[in-house]
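# Descriptive structure summary
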Amino acid sequence: MSPINIDPNLAPSSGEVDLNLAINPIEAIETIISSLDAFHNALVNHGDDSGYIWKFKYGSVTVWVQLTGTSEDDTLTVWAPILQLPVQNQPQLLERLMAWNWLETLEAHFASFNQQIVVVSSRSVADLSVGEISRLITLVASLADDYDDALQNDFPGLSNS
């Protein structure tokens, strides 16, 4: 293995690199949501404890986006409920979701939250780019909209029996 030769003319003279590539995640999220929200009725709530929470419709699903803050220790979480629990044949539902989590959901996954099946993805704000924000929101919204109707048909609620 040979050493890597770095041209000294390419290195900054001060020894510090300041690319000033910091993004404003709040503006990025709002821009991305406005491009996905066909109904133009997105809502935002800013609370001291929960950070920012947005809600918008994408196809047949409601998508939630939470940004706990803008420091590197904060988190961006995107989720969309797709099925109310309990359902008929729940063991078969869980088996199907586990298989899809492995094969089809990329950075997102199916989960159970507040008696609902949701599609969710979460990431630290540290080193977060606009492209990653867009991918997480778009991925969760698309997967939820793609799977909700089929799951609701295949696994009706117990009150629908």
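Below, the structure is looked at part by part. (Residues numbered from 1 in each chain as written. Predicted model: local features only at pLDDT ≥ 70, side-chain atom pairs only at ≥ 80, totals over all residues. Heavy atoms only, no water.)

Turning our attention to the overall build of the chain. When its secondary structure is counted, the chain shows three helices and six strands. Within the chain, buried positions represent 35% of all 161 residues. As displayed, the chain offers around 10,100 Å² of accessible surface, 52% of which is attributable to carbon and sulfur atoms. (Helix = DSSP H or I, 4+ residues; strand = E, 2+ residues; numbered from the N terminus. Buried < 20%, exposed > 50% of the residue type's maximum accessible area, 1.4 Å probe, protein only. Areas by Shrake-Rupley, 256 points an atom, 1.4 Å probe, with all protein chains shown as cover.)

The next point concerns the pairing of strand 5 (residues 109–113). Relative to strand 6 (residues 116–124), strand 5 runs antiparallel, the two being bridged by five bridges. Within strand 6, the residue paired with Phe 113 across the bridge is Gln 116. Hairpin connection, strand 5 to strand 6: the antiparallel pair is bridged by two residues, and Asn 114 has positive phi, about 50 degrees. (Pairing = 2+ DSSP bridges.)

On to the packing of aromatic side chains. Enumeration over the complete set of coordinates arrives at five aromatic pairs. Where Trp 64 meets Trp 79, the ring centres are 6.0 Å apart and the plane angle is 5 degrees; that geometry is what we call stacked. Placement of Trp 64 in strand 3 (residues 61–67) and of Trp 79 in strand 4 (residues 75–84) is noted, with a sequence separation of 15 residues between them. Residue classification places Trp 64 among the partly exposed residues on the basis of a relative accessible area of 26%. Here the aromatic residues Trp 100, Phe 110 and Tyr 147 are joined through ring pairs into a cluster of three or more. (Phe/Tyr/Trp six-rings, centres within 6.5 Å; stacked < 30°, edge-to-face > 60°.)

This next bit is on the packing of helix 1 (residues 25–36) against helix 3 (residues 130–154). For the pair helix 1 and helix 3, interaxial distance at closest approach is 10 Å and the crossing angle is 40 degrees. One element, helix 1, and the other, helix 3, form an angle in the oblique class. In the packing of helix 1 onto helix 3, the handedness of the crossing is right-handed. Contacts between helix 1 and helix 3 involve Pro 25, Ala 28, Ile 29, Ile 32 and Leu 36 from the first element and Val 130, Ile 133, Ser 134, Ile 137 and Thr 138 from the second. (Axes fitted to C-alpha atoms, helices over the stretch in contact; angles between N-to-C directions. Parallel < 35°, antiparallel > 145°, perpendicular 65-115°, else oblique. Left-handed = near helix turned anticlockwise from the far one by under 90°. Contact = heavy atoms within 4.5 Å.)

Tracing the chain through its elements places Val 119 in strand 6. For the pair Val 119 and Val 63, spaced 56 residues apart in sequence, the C-alpha separation works out to 9.3 Å. Ignoring anything within four residues of it in the chain, the contact list for Val 119 reads Val 78, Trp 79, Ala 80, Ile 82, Ala 108, His 109, Phe 110, Val 140, Leu 143 and Ala 144.

Another aspect to go through is helix 1. Between its first and last C-alpha, helix 1 extends 16 Å over twelve residues, near the 16 Å set by a 1.5 Å rise per residue. Among the residues making up helix 1, those that are buried are Pro 25, Ile 26, Ala 28, Ile 29, Ile 32, Ile 33 and Leu 36. Seen along its axis, helix 1 keeps its buried residues to an arc of 160 degrees; they face one direction. Turned more than 90 degrees away from the buried face of helix 1, the exposed residues are Glu 27, Thr 31 and Ser 35. Lining the buried residues of helix 1 we find strand 2 (51–58), strand 3, strand 4 and helix 3. (Expected span 1.5 Å × (residues − 1). Arc of directions from axis to C-beta.)

On to the nonpolar core, then. The nonpolar side chains of a soluble globular protein tend to be buried with one another. The biggest cluster of nonpolar side chains holds 39 residues, and the ones touching the most others in it are Val 65 and Leu 151. Only helix 1, strand 2, strand 3, strand 4, helix 2 (90–103), strand 6 and helix 3 provide two or more residues apiece to this core. Among the elements that line this core, the one with the most residues is helix 3, at ten residues. (Core = buried A, V, L, I, M, F, W, Y, C linked by side-chain atoms within 4.5 Å.)

This part is about the pattern of salt bridges. This structure, assessed with the given rule, holds three salt bridges. Two residues, Arg 135 and Glu 107, come together in a salt bridge whose shortest N-O distance is 2.9 Å. Placement of Arg 135 in helix 3 and of Glu 107 in the loop between helix 2 and strand 5 is noted, with a sequence separation of 28 residues between them. Residue Glu 107 is classed as partly exposed on the basis of its relative accessible area, which comes to 42%. One salt bridge connects Glu 132 with Arg 123, and the closest N-O pair in it is separated by 3.2 Å. (Salt bridge = Lys/Arg side-chain N within 4 Å of Asp/Glu carboxyl O.)

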